[in-house]
Amino acid sequence: NHHLASLVFEGNRCGNEGATHIASALRTNRGLMMLNLLNQKGSRFGDSTLAAFTGAFDSNITLLKIIWRLESRQSFRLNKLLVRNNEIDRRIASGRDYSDLLPEGVAPLAPALVTRRSTASSFISPRAHLLQRTSSADGADKAAPPPPSSGAAIASAGVSVRERVAARQE
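The structure presented is a predicted model; accordingly, all values stated were derived computationally and were not measured. (Residues numbered from 1 in each chain as written. Predicted model: local features only at pLDDT ≥ 70, side-chain atom pairs only at ≥ 80, totals over all residues. Heavy atoms only, no water.)

Enquirer: Got a minute to help me understand the packing of helix α2 (residues 47–56) against helix α3 (residues 75–94) in this structure?
Expert: How two helices sit against one another is set out by the angle between their axes and by the gap between those axes. Interhelical geometry of α2 versus α3 gives an angle of 25° and a closest axis separation of 10 Å. Considering the angle they form, α2 stands roughly parallel to α3. Relative to α3, α2 is oriented so that their crossing is left-handed. Contacts between α2 and α3 involve L50, F53 and T54 on the former and, on the latter, S75, R77, L78 and L81. Residue classes in the contact of α2 with α3 are distributed as four nonpolar, two polar and one charged. (Axes fitted to C-alpha atoms, helices over the stretch in contact; angles between N-to-C directions. Helix = DSSP H or I, 4+ residues; strand = E, 2+ residues; numbered from the N terminus. Parallel < 35°, antiparallel > 145°, perpendicular 65-115°, else oblique. Left-handed = near helix turned anticlockwise from the far one by under 90°. Contact = heavy atoms within 4.5 Å. Nonpolar A, V, L, I, M, F, W, Y, C, P; charged D, E, K, R; others polar.)

Here's what the structure looks like:
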């Protein structure tokens with residue numbers, strides 16, 4: 001699937017085995033940019049899940065952000081790969097060559113996929129699922145404040161999508 005840009009599995013029961021299956025699917029996925037696996041009831045993601053995800057990044061150059069609680073002292077490995085993917089995304093957005101960042105054997109993104117990604121990135125926000133609209137007494141719509149942070153570790157790299165979109169519009 002190259003059309004799905006954001007996937008939210010927040011609040012499910014996706015354990016290590018389920019997360020490993022997701023990582024396996026990410027090996028061939030060239031569309032997903034944000035994955036949310038936060039608040040998995042009764043599950044903790046550890047080193048086995050981390051290994052599956054770092055393996056997925058041997059061929060995945062599109063995933064920019066993973067929101068989850070990862071209990072591993074080796075999480076810096078995944079952050080390094082997310083930084084790489086975010087740098088690829090920045091170079092694509094600015095029209096610069098990114099072939100030097102590609103993992104061995106991975107082909108550059110097709111032009112149609114690059115166009116689709118730039119459109120999708122304008123709709124993806126790391127906290128999009130937390131934003132709500134409320135109406136004030138005078139009838140004006142305003143954004144509700146986000147809920148307090150759960151304190152979970154969030155693996156992300158580079159600037160937020162919102163910041164990249166703002167920079168592209170300038």
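Don't stop here, the text continues.
Enquirer: Would you mind showing me how to read the nonpolar core here?
Expert: Generally speaking, a soluble globular protein has its nonpolar side chains buried in company with each other. By size, the foremost hydrophobic cluster in this structure holds 21 residues, and its most contacted members are L26, L35, L37, F53, I66, W68 and L78. Counting eight residues, the second largest nonpolar core, distinct from the first, contains I61, I88, I92 and V106. (Core = buried A, V, L, I, M, F, W, Y, C linked by side-chain atoms within 4.5 Å. Buried < 20%, exposed > 50% of the residue type's maximum accessible area, 1.4 Å probe, protein only.)

Enquirer: Before we go on, may I ask you to explain helix α1 (residues 16–26) in this structure?
Expert: Turning to α1, its buried residues number three or more, namely A19, I22, A23 and L26. Down the axis of α1, the buried set is contained in an arc of 100°. They therefore lie on one face. Along α1, exposed side chains directed more than 90 degrees from the buried face belong to E17 and H21. Residues of α1 that are buried make contact with β2 (34–36) and α2. (Arc of directions from axis to C-beta.)

Enquirer: For this particular structure, what's the right way to read the pattern of salt bridges?
Expert: Between side chains of opposite charge, a pair can form as their charged atoms come close. Inspection of every chain in the model, using the stated rule, returns six salt bridges. Of the charged contacts, one joins E87 and R90 as a salt bridge, the two residues approaching to 3.2 Å between their closest N and O atoms. Placement of both E87 and R90 in helix α3 is noted, with a separation of three residues, approximately one turn of the helix. With a closest N to O distance of 2.5 Å, R91 and D100 form a salt bridge. With relative accessibility at 14%, the residue R91 sits in the buried group. Each of the salt bridges in this network shares a partner with another, and the network as a whole consists of E87, R90, R91, R96 and D100. (Salt bridge = Lys/Arg side-chain N within 4 Å of Asp/Glu carboxyl O.)

Enquirer: Whenever I open this one, the packing of aromatic side chains confuses me. Can you help?
Expert: The relation between two aromatic rings is expressed through the spacing of the ring centres and the mutual angle of the planes. Scanning all chains against the criterion turns up two aromatic pairs. Considering the side-chain rings of F45 and W68, the 5.5 Å spacing of their centres and the 40° angle between planes classify their relative orientation as tilted. A residue pair is termed long-range when its members are at least 10 positions apart, and F45 in the loop between β2 and α2 and W68 in the loop between β3 (65–67) and α3 qualify at 23 residues. Just as F45 is buried, W68 falls in that class too. Relative to W68, the ring of F53 lies with its centre 4.9 Å away and its plane at 65°, an arrangement referred to as edge-to-face. (Phe/Tyr/Trp six-rings, centres within 6.5 Å; stacked < 30°, edge-to-face > 60°.)

Enquirer: What am I meant to see in unusual backbone geometry here?
Expert: Negative phi characterises most residues that are not glycine, and trans characterises most peptide bonds. In this model, N39 sits at a positive phi of 60°, which is unusual for a non-glycine residue. Looking at the element boundaries, N39 is found in the loop between β2 and α2. Given the relative accessible area of 41%, N39 is considered partly exposed.

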